Number of protein chains: 2
Amino acid sequence: MIEIDEMLSIRAAELYYEENKTQDEIGSILRLTRWKVGRLLAQAKANGFIRIEIVHPRARRLGMERRLVEATRLTDAIVVSTAGIQGDDELQARTAQAAADYLAGLRPVPRTLGISWGRTLHEVSLHLRAGWASGVNVVQINGGVSLNRRAGTAANTAVTIAEKASGTATLLPSPAILERLETKQAIAADRAVAAVLEMAAGASAYLFSAGQADENSALVDSGYLTAGQIADLVDKGAVGDVVGRYIDATGRIVDPELDQRTIGIDHDQLRKATRAIAVIAGPNKHAIARAVVTSGLCTTLVTDEDTARALLGPGE
Amino acid sequence: MIEIDEMLSIRAAELYYEENKTQDEIGSILRLTRWKVGRLLAQAKANGFIRIEIVHPRARRLGMERRLVEATRLTDAIVVSTAGIQGDDELQARTAQAAADYLAGLRPVPRTLGISWGRTLHEVSLHLRAGWASGVNVVQINGGVSLNRRAGTAANTAVTIAEKASGTATLLPSPAILERLETKQAIAADRAVAAVLEMAAGASAYLFSAGQADENSALVDSGYLTAGQIADLVDKGAVGDVVGRYIDATGRIVDPELDQRTIGIDHDQLRKATRAIAVIAGPNKHAIARAVVTSGLCTTLVTDEDTARALLGPGE
DNA sequence: AACGGCGTTGCTCATATGAGCAAGACGACC
DNA sequence: GGTCGTCTTGCTCATATGAGCAACGCCGTT
């Protein structure tokens, strides 16, 4: 009976969803009562034979968002749909757009917004609508491109976000990682730097991304780390970095010595924040996303469907 | 307005299709009347943002079948869904299953069924349900594997189909293509062969597949043609073969001399048949499928969604 | 053969939804 | 400013659909 009904339920589903027939009409075609047809359709749905997708760049997966919030200690999750997606760029764009939308919808509007830098954050800045807020002070939370390199994307990201909110940008005038601990301590103690770090520590919300631990990292491109150093970090269990600090799958700093030489707010400060928004998407960021979420580094995660599925574990 | 409404319609669709909320509930969430919500959903559908797929090996695309019948001179079309398909094998299996189902459902049940041979037809024979009919005489319509080669798939296909219908199989004891015209004429005139050809010509239905014109053809494997010969045929415009005879995109025999040396019923006989069922599926068979359909070689086409889409032309 | 459990069937009724329409809003043009 | 035409809105009403229930049939057990 199960076999026969399965075929029937497929025939019914074809007529119902493709041909837009009423259950009654289907009944007379298949020589069934309309109630039987209704039950067959319910069965087809329950068996997962009916797949409904919303194909749109702004489409989200509310069910997954809810399940993520339930299954983790996130207070909020934004999951963009991957339906009908073409390349990796499109995934990035969709995620960045969703992050921008979320940021623009934040209430209360953050007075001070701490941000990291990188490809993802930059993209978010581009997707923000001008006038998304009025008067937000955007402050960098980790060191990066040197001051004299004009129009570095890091600075650009902060400035763009601030401009679009008719606010001000406060840049962190410091490298990301120093070679000697003493230099780092000296820089961090410098008035100009210390003031920014203090402001960063007091931000009312944070927005940051995370990098996968591999040789394509922005930290390697910028010359702060070598591919060899990354390999060492991976050996020690590193899955990726958040604001320039590498963590393992449990969220622990993998190399405390290196961490000491890194400029910017530390992970404990992020963990204490009321609003820490992580934007992490893409097939190679599943591990770091999991580390960030499980170790409580963010309160909000903006991600894609596939990553969310990986976080929720199998069977989802 | 269009912009705003588009976003709203996506939000509404998420709540409706993913969260199973009623339009009324969605209305109070989005601060809209339930009629507005209904209109937004209709709009989302009309814009193609809602994609509903039936994910099942036996699922068909009734809409495409209808459009195919309207757009061509087919009397019947069976289009299997490619939703959720994994490999090429699965596509073959689905199509073969659909062909088997169609054959089993044919009314009136054919007294004599003419069949070709090949991978596709063999697969169809395997998917047929034992007892699909009672007492069908299955007759081969084109030459193939020699008699003395035991358990050739060609013979096997015919026998399996016949057995499952408690009928008899009549094999065509002849090669597919002869090297010399005289030999072909002699064989065709032979009592044993002529009798089978006559029976084939009088079949009440035909079931056959088609091959793409390339070096992987079964005719090359069997040694009837060389890769070089195929290349020549392609140069002359060949897109594929039906019952061993190569045609161009308009359905014309590309090499009459070769055709003369080919054993089996010819295309004119197929075109005169009341029931000629072609089973042609797969990404590389679009061209030959089009040639078969437009030149009226079959009355029924069993194919896959992608091939059907190619037949219907762009915008579909 | 009688009984009782279990799944299936066909129903009633409440609800959700779509069609169609009148009123209103808006903009263009006189 | 008035007026017309068009698009949008909120409605009424008919229809489609799902929930829940009683009757039924099918089996296995007593």
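Quick note: structure is the one above.
Bear in mind that the values here come from a model prediction, so they are computed numbers and not experimental data.

Participant: Tell me what's going on with the protein's contact with DNA strand D, and back it up with residues and numbers.
Facilitator: Near DNA strand D you find Tyr16, Thr22, Gln23, Arg34 and Arg39 of chain A together with Thr33, Trp35, Lys36 and Arg39 of chain B, and these make up its full shell. Here the atoms of DNA strand D within 4 Å of the protein split so that 48% fall in sugar or phosphate, with bases taking the remainder. Tryptophan 35 of chain B places a polar side-chain atom, nitrogen or oxygen, 3.3 Å from a base oxygen of DNA strand D. Within the side chain of arginine 39 of chain B, a nitrogen or oxygen atom sits 2.4 Å from a base oxygen of DNA strand D. Mapped by element, the contributors of at least two residues to the surface near DNA strand D are helix H3 (34-46) of chain A together with helix H3 (34-46) of chain B. Looking at the surface near DNA strand D, the element that brings in the most residues is H3 of chain B, giving three residues. Within the surface near DNA strand D, the residues separate by chemical class into two nonpolar, three polar and four charged.

Participant: Any details on the side chain of serine 125 of chain B? Residues and values, ideally.
Facilitator: Residues and elements named next belong to chain B. Examined against the element boundaries, serine 125 turns out to sit in helix H6 (residues 119-127). Polar side-chain contacts of serine 125 include one of 2.5 Å to the backbone oxygen of histidine 122. Ignoring any residue separated from it by four or fewer positions in sequence, one finds serine 125 in contact with Thr157, Thr160, Ile161 and Lys164.

Participant: Which residues make up the protein's contact with DNA strand C, and what values go with them?
Facilitator: All residues in the neighbourhood of DNA strand C are listed as Thr33, Trp35, Lys36 and Arg39 of chain A together with Tyr16, Thr22, Gln23, Arg34 and Arg39 of chain B. Backbone sugar and phosphate groups make up 52% of those atoms of DNA strand C lying within 4 Å of the protein. Between DNA strand C and the protein, one listed contact pairs a phosphate oxygen with a side-chain N or O atom of threonine 33 of chain A at 3.4 Å. A distance of 2.5 Å separates a base oxygen of DNA strand C from a polar side-chain atom of arginine 39 of chain A. At three residues, H3 of chain A tops the list of elements feeding residues into the surface near DNA strand C. A class-by-class count of the residues in the surface near DNA strand C yields two nonpolar, three polar and four charged.

Participant: Before we move on, can you summarise the packing of aromatic side chains with the specific residues and values?
Facilitator: All names here are of chain A. A full pass over the atoms with the stated rule returns two aromatic pairs over all chains. Ring centres of tyrosine 16 and tyrosine 17 lie 5.0 Å apart, and the angle between their planes is 90°; on these two criteria the pair is classed as edge-to-face. Judged by its relative accessible area of 30%, tyrosine 16 is partly exposed. Look at tyrosine 17 and you get buried, because its relative accessible area is 18%.

Participant: Please set out the pairing of strand E10 (residues 300-304) of chain A residue by residue, giving values where relevant.
Facilitator: Residues and elements named next belong to chain A. Among the five residues of E10, five are classified as buried, and the element is accordingly described as predominantly covered. In E10, alternate side chains face the same way, and those of Thr300, Val302 and Asp304 on one face and Leu301 and Thr303 on the other are all buried. When strand E2 (residues 76-80) meets E10, the two strands line up parallel, connected through five bridges. Note on E10: the bridge partner recorded for valine 80 is aspartate 304. Bridge count for strand E9 (residues 276-279) against E10 is three bridges, and the pairing is parallel. Each bridged residue has a counterpart across the sheet, and for isoleucine 277 the counterpart in E10 is threonine 300. Crossover E9 to E10 through helix H14 (residues 286-294) is right-handed.

Participant: Give a description of the relation of the copies chain B and chain A that names residues and reports values.
Facilitator: Once chain B has been moved 0.0 Å along the axis and rotated by 180°, it coincides with chain A to within an RMSD of 0.0 Å. On this basis, the relationship between the two copies can be described by a two-fold rotation axis. Of the C-alpha atoms belonging to chain B, the one lying closest to the rotation axis is found on isoleucine 52 of chain B, 2.3 Å away. When you check the interface residues of chain B against chain A, 100% turn up at the interface there too, and the contact is symmetric in its surfaces.

Participant: Please provide a residue-by-residue account of unusual backbone geometry, values included.
Facilitator: Residue and element names in this part refer to chain A. Arginine 107 connects to proline 108 through a cis peptide bond whose omega is 0°. Considering the arrangement of structural elements, one finds proline 108 in the loop between helix H5 (88-105) and strand E3 (112-115). In this model, valine 243 sits at a positive phi of 40°, which is unusual for a non-glycine residue. For valine 243, the position within the fold is in the loop between strand E7 (238-242) and strand E8 (245-248).

Parameters and conventions
Residues numbered from 1 in each chain as written. Chains lettered and ligands numbered in written order. Predicted model: local features only at pLDDT ≥ 70, side-chain atom pairs only at ≥ 80, totals over all residues. Heavy atoms only, no water. Near = heavy atom within 4 Å. Polar contact = N/O pair within 3.5 Å; in protein donor to acceptor, adjacent residues only side chain to side chain. Helix = DSSP H or I, 4+ residues; strand = E, 2+ residues; numbered from the N terminus. Nonpolar A, V, L, I, M, F, W, Y, C, P; charged D, E, K, R; others polar. Contact = heavy atoms within 4.5 Å. Phe/Tyr/Trp six-rings, centres within 6.5 Å; stacked < 30°, edge-to-face > 60°. Buried < 20%, exposed > 50% of the residue type's maximum accessible area, 1.4 Å probe, protein only. Pairing = 2+ DSSP bridges. Right-handed = clockwise from strand over helix to strand, strands pointing away. Least-squares fit on C-alpha atoms with pLDDT ≥ 70 in both.

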